[in-house]
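Coordinates in review
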Amino acid sequence: MEAYYKSKKNSARIKVSLSYVILTIIAVIFIFPFIWMLSTAFKIPSEAYTLPPKIIPETFTWDNFIQGWQYADFTRYTWNTLIVTGLATIGTVLSASFVAYGFARFKSRYSGLLFTVVLATMMLPSQVTLVPTYLLFTKLGWLDTLMPLIVPSFFGGGAFNIFLLRQFFKTIPKDLDEAAYIDGANAFQIYYKILLPAIKPALITVGLMSITFHWNDYMSPLIYLNSDQNFTLAIGLQFFQNSFGSSQIQMLMAVSLITVIPVLILFFIGQRYFIQGITMTGIKG
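Here the structure is a predicted model, which means the values were calculated and not measured.

1. Some words on a nonpolar patch on the surface
Together, V28, I31, F32, F34, I35, L38, I55, I56, F60, L264, F267 and F268 make up an exposed nonpolar region whose accessible area comes to about 1,100 Å². With six residues, the single largest contributor to the nonpolar patch is helix α1 (residues 2-41). Among the secondary structure elements, I31 is positioned in helix α1. Classification of I31 as partly exposed rests on a relative accessible area of 42%.

Laid out in structure tokens, this is it:
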């Protein structure tokens, strides 16, 4: 009997060890591009193109960061990106939470149908609405401005964000609403004084996802922006590639490292809320 339990324990340990080995291999595969970017950012030009590539540079240099930042007007691109990301994130959080509050707390004959229609929009690729959206912004005179990158966020905030926040609103007992109504609060006061503070993890989750999306967005700025003074960081990085297809790879990796660090810092700061917001989404239907 004792031998049986020992063999069972050994089998469990082998399974756990094997799981850790597999997960470590997968983690290394996924983190390798970042390691290669970090390594290349500190290489001199001759080392950046050597084959096979070396992970640890023989000669470390900081010149790639200085020269890369001065290669184009990245200070201006960073400012534009901060404006777009900040305002779009505010619009996403406010509008998505407001719409989700309506779906979670107010019922009508067609509320279920309307919510289904909202979710159905997630199945539409962005390419389907690209042409009509472009024509709309052309009529409004917003081409080559930051408006097309900011204003849409204030109109709903995205179907997934609405769904996420609605699920959180539904986990909060309606007794709080009724108690607030008795105390004289109206629906809007209940929304921003009682319910919004109660769903802080979900709001932070939506904010983090919005920041990541708008900070790294390449397609929208590429379509709507034409002037160098309006470019964002994602567009500015393409200046390291010349018309013949070659690129200043070491400077590109250095500036890319600078642009990715703020997103990594924000993720690690809000990781606890992000995980909590995702895991609690489906607690109540």
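2. Observations concerning the nonpolar core
If you look at the biggest cluster of nonpolar residues, it comprises 29 residues, and the most contacted ones within it are A41, F74 and F240. For this core, the secondary structure elements donating two or more residues are α1, α4 (74-105), α7 (147-150), α13 (233-236) and α14 (249-269). Here the element with the most residues in this core is α14; it accounts for eight residues. Apart from the residues lying within four places of it in its own chain, the contact partners of F74 are G68, W69, L233, G236, L237, F240 and V255.

3. Here we look at the pattern of salt bridges
Counted according to the given criterion, the structure contains one salt bridge. With a closest N to O distance of 2.8 Å, D177 and R105 form a salt bridge. Here the residue D177 occupies a position in helix α9 (residues 175-182), and R105 occupies one in helix α4, the gap between them amounting to 72 residues. Note on accessibility: D177 and R105 belong to one class, buried.

What counts and how
Residues numbered from 1 in each chain as written. Predicted model: local features only at pLDDT ≥ 70, side-chain atom pairs only at ≥ 80, totals over all residues. Heavy atoms only, no water. Patch = residues over 30% accessible without salt bridge, like charges linked within 9 Å, V, L, I, M, F, W, Y side chains within 5 Å. Areas by Shrake-Rupley, 256 points an atom, 1.4 Å probe, with all protein chains shown as cover. Salt bridge = Lys/Arg side-chain N within 4 Å of Asp/Glu carboxyl O. Helix = DSSP H or I, 4+ residues; strand = E, 2+ residues; numbered from the N terminus. Buried < 20%, exposed > 50% of the residue type's maximum accessible area, 1.4 Å probe, protein only. Core = buried A, V, L, I, M, F, W, Y, C linked by side-chain atoms within 4.5 Å. Contact = heavy atoms within 4.5 Å.

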